[in-house]
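Notes for the structure review
The lines below spell out each chain.
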Amino acid sequence: MEHCSDRQETVVKVLVLGGDGFCGWPCAVNLAENGHDVVVVDNLSRRKIDLELGVESLTPIASIGDRLEVWEQTGGRAMRFVAMDIAHDYDQLLALLRSEQPGAVVHFAEQRAAPYSMKSSRNKRYTVDNNVNGTHNLLCAIVESGLDIHIVHLGTMGVYGYGSHRGATIPKGYLTVEVPQPDGTRFRENILHPTDPGSVYHMTKTLDQLLFFYYNKNDSIRITDLHQGIVWGTNTDLTDRDPRLSNRFDYDGDYGTVLNRFLMQAAIGYPLSVHGTGGQTRAFIHIRDSVKCVQLAIENPPTATDKVKIFNQMTESHRVKDLAEKVAAVTGAEINFLPNPRKEAIENDLIVDNRCLIDLGLKPTTLDDGLLSEVVDVARRFADRCDRRRIPCVSAWTQAQAKAVAAG
Ligand SMILES: NC(=O)c1ccc[n+]([C@@H]2O[C@H](COP(=O)([O-])OP(=O)(O)OC[C@H]3O[C@@H](n4cnc5c(N)ncnc54)[C@H](O)[C@@H]3O)[C@@H](O)[C@H]2O)c1
């Protein structure tokens, strides 16, 4: 029998770090709706990056102050907001933990776009500084506070890498290996699955994993690391309650993720951009399921003696080319094959063990549920907000890739 759940928590005070972002905002309102006492913590860096890139979410998004006010006006359980940079405001973070004494901290507060992380040395350094310091500050502050706080972190399926796994199923974070001994015998060890990051952003997530491993071993910090697939969709039932609660929808070449970009491109009559052959296979999850998984993780925490719990938070895998064909079939869009700005395998397999979340009660939302058209409808509604100049992916992984992209 799989060891997925140790005990059920009821109501928890939760700090949602990065709770103004794409995954964080719908997660925060869902936790509040389910009775948890939620404090949103964010430095609003994502909104500042929009200004830097000269692009806006396709869906208009209200300020965090308005979001919280409307949430309460529409019957939601009140949430508070604390403006804080967790990567640099260590003393404030420690003071916040001490004053709030949360039972759990959900950690979304990282720079999450691989293309943005690869744009320049400045972007690489910013991503490493922000993500690794933020995670380490949180772990250090929990130890210094002496409080028993469960961390639920949003990691990525990208930590495993997208090379060939030769048909092997990617396990839940750990791999059992046999190590040869000098006398010819072998011993078995359960190790963290080897990492194979494909960008500086992904590399920060592999570093997070090691930080979690160490602080769990040394200080018995309770941690659930959710290795999340690419999130698609935009709103949940709760963020749909009022237009001012709307979630963001990134479509640009840096922050837009593959399926949402295809759906938006189809909505505005722009050919679907497939980079390379489209043989890349990736894991996906709908935003509604992402929100549910975080709730399940909080309500099924590890015990003090458990090692870091790792769940593969994805519901299905698809080849990029197949996704483009599916969207084209639904919408009549054309497909455009473009040079790949990323240095990555031309194609890969991806078979993933996600049983734990299903065993805890997740009912996967799949691509065939009519949701593709729903996202296209959202994109059509806001099509006039789309700046077509921001659609191409121009952030290249290497000089060679940059030349190929420039040559078109
Ligand atoms: N969106 C996806 O498809 C996806 C897939 C896998 C994993 N994830 C992970 O989920 C998490 C959230 O992703 P997202 O799509 O919501 O990203 P996002 O950029 O929309 O949200 C991140 C939020 O964190 C905040 N933030 C960043 N650095 C901070 C800091 N130092 N202090 C305080 N706040 C900070 C930002 O302002 C933003 O509101 C990330 O860690 C990401 O790696 C996302």
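Residues numbered from 1 in each chain as written. Predicted model: local features only at pLDDT ≥ 70, side-chain atom pairs only at ≥ 80, totals over all residues. Heavy atoms only, no water.

Pairing is possible between side chains that carry opposite charge, provided their charged atoms lie close to one another. Throughout the structure, instances matching the rule amount to 26 salt bridges. The closest approach of N and O atoms between arginine 47 and aspartate 20, which form a salt bridge, is 2.5 Å. Linking arginine 47 in helix 2 (residues 45–53) with aspartate 20 in the loop between strand 1 (13–17) and helix 1 (24–33), this pair joins segments that are 27 residues apart in sequence. A residue is classified by how much of its surface remains accessible, and aspartate 20, at 6% relative accessible area, is buried. (Salt bridge = Lys/Arg side-chain N within 4 Å of Asp/Glu carboxyl O. Helix = DSSP H or I, 4+ residues; strand = E, 2+ residues; numbered from the N terminus. Buried < 20%, exposed > 50% of the residue type's maximum accessible area, 1.4 Å probe, protein only.)

Within the element layout of this structure, isoleucine 64 appears in helix 3 (residues 64–73). In this structure isoleucine 64 comes out as buried when scored by relative accessible area, which is 7%. Between the alpha carbons of isoleucine 64 and tryptophan 397 there is a distance of 34 Å; along the sequence they are 333 residues apart. Apart from the residues within four sequence positions on either side, isoleucine 64 is in contact with Asp20, Trp25, Val40, Leu44, Arg47 and Phe81. (Contact = heavy atoms within 4.5 Å.)

Let's shift gears to empty space enclosed by the protein. All chains considered together, the criterion is met by one cavity of 30 Å³ or more. Space inside the largest cavity adds up to approximately 40 Å³. Lining the largest cavity are Tyr174, Leu192, Gln209, Phe212, Phe213, Asp225, Val308 and Ile310. The element that contributes the greatest number of residues to the lining of the largest cavity is helix 7 (residues 200–219), accounting for three residues. A class-by-class count of the residues in the lining of the largest cavity yields six nonpolar, one polar and one charged. (1 Å grid on protein atoms, 1.4 Å probe; cavity = no way out; pocket = protein on both sides within 12 Å on 5 of 7 lines; lining within 4 Å. Points joined across faces, edges and corners; volume = space filled by probe spheres on them. Nonpolar A, V, L, I, M, F, W, Y, C, P; charged D, E, K, R; others polar.)

Moving on: the pairing of strand 9 (residues 222–228). Where burial is concerned, most of strand 9 is hidden: seven out of the seven residues are buried. Side-chain alternation along strand 9 places Arg222, Thr224, Leu226 and Gln228 on one buried face and Ile223, Asp225 and His227 on a second face that is also buried. Bridge count for strand 5 (residues 150–156) against strand 9 is seven bridges, and the pairing is parallel. Considered in strand 9, the bridge of histidine 153 is made with aspartate 225. Looking at chain direction, strand 9 and strand 13 (residues 309–313) are connected through five bridges and run parallel. From the neighbouring strand, glutamine 228 faces strand 13, where its bridge partner is glutamine 313. (Pairing = 2+ DSSP bridges.)

Here the focus is the packing of helix 8 (residues 258–268) against helix 10 (residues 320–331). The N-to-C vectors of helix 8 and helix 10 enclose an angle of 30°; their axes lie 10 Å apart at closest approach. Between helix 8 and helix 10, the angle falls in the class roughly parallel. Relative to helix 10, helix 8 is oriented so that their crossing is right-handed. Contact with helix 8, carried on its side by Val258, Leu259, Phe262, Leu263 and Ala266, involves Val320, Leu323, Ala324, Val327 and Thr331 of helix 10 and no other residues of that element. When the residues that make up the contact of helix 8 with helix 10 are grouped by side-chain class, the tally is nine nonpolar, one polar and no charged. (Axes fitted to C-alpha atoms, helices over the stretch in contact; angles between N-to-C directions. Parallel < 35°, antiparallel > 145°, perpendicular 65-115°, else oblique. Left-handed = near helix turned anticlockwise from the far one by under 90°.)

Leaving glycine out, the prevailing phi sign among residues is negative, and the prevailing peptide bond configuration is trans. Even without being glycine, glutamine 101 reaches a positive phi, approximately 50°. With respect to the helices and strands, the residue glutamine 101 is situated in the loop between helix 4 (90–100) and strand 4 (104–107).

Let us now look at the sheet that holds strand 14 (residues 316–319). Spatially, three strands are ordered 10-12-14 in an open sheet, and the strand pairing comes out mixed. Sheet topology places strand 10 (230–232) and strand 14 at the edges, where each strand pairs with a single neighbour. The average angle at which neighbouring strand axes cross in this sheet is 45°, direction not considered. One ladder, built from four bridges, connects strand 12 (residues 281–286) with strand 14; its direction is antiparallel. Bridge pairing in strand 14 links phenylalanine 284 to glutamate 316.

This next bit is on the packing of aromatic side chains. If you walk through the whole model with that rule in mind, you get three aromatic pairs. Aromatic side chains tyrosine 116 and tyrosine 126 sit 6.4 Å apart centroid to centroid with 85° between the ring planes, which places their arrangement in the edge-to-face category. One end of the pair, tyrosine 116, is in helix 5 (residues 114–117); the other, tyrosine 126, is in helix 6 (residues 121–145), and 10 residues separate them in sequence. According to the relative accessible area criterion, tyrosine 126 is partly exposed, its value standing at 24%. Put simply, the rings of Tyr116, Tyr126 and Tyr255 pair up and form one aromatic cluster. For the cation-ring pair, arginine 282 lies above tyrosine 162, with the distance from its terminal atom to the ring centre recorded as 3.7 Å. The lysine or arginine in question, lysine 307, covers the ring of tyrosine 174, its NZ or CZ lying 3.9 Å from the ring centre. (Phe/Tyr/Trp six-rings, centres within 6.5 Å; stacked < 30°, edge-to-face > 60°. Lys NZ or Arg CZ within 6 Å of the ring centre and 35° of its normal.)

Every one of the 28 residues lining the ligand counts as a neighbour, but Cys23, Asp42, Arg112, Tyr201 and Lys205 are closest to it. At 2.6 Å from an oxygen atom of the ligand is found a side-chain nitrogen or oxygen belonging to aspartate 42. Relative to its unbound accessible area of 820 Å², the ligand is 97% covered by the protein chains. Of all the secondary-structure elements, those providing two or more residues to the shell around the ligand are helix 2, strand 5, helix 7 and strand 10. (Near = heavy atom within 4 Å. Polar contact = N/O pair within 3.5 Å; in protein donor to acceptor, adjacent residues only side chain to side chain. Areas by Shrake-Rupley, 256 points an atom, 1.4 Å probe, with all protein chains shown as cover.)

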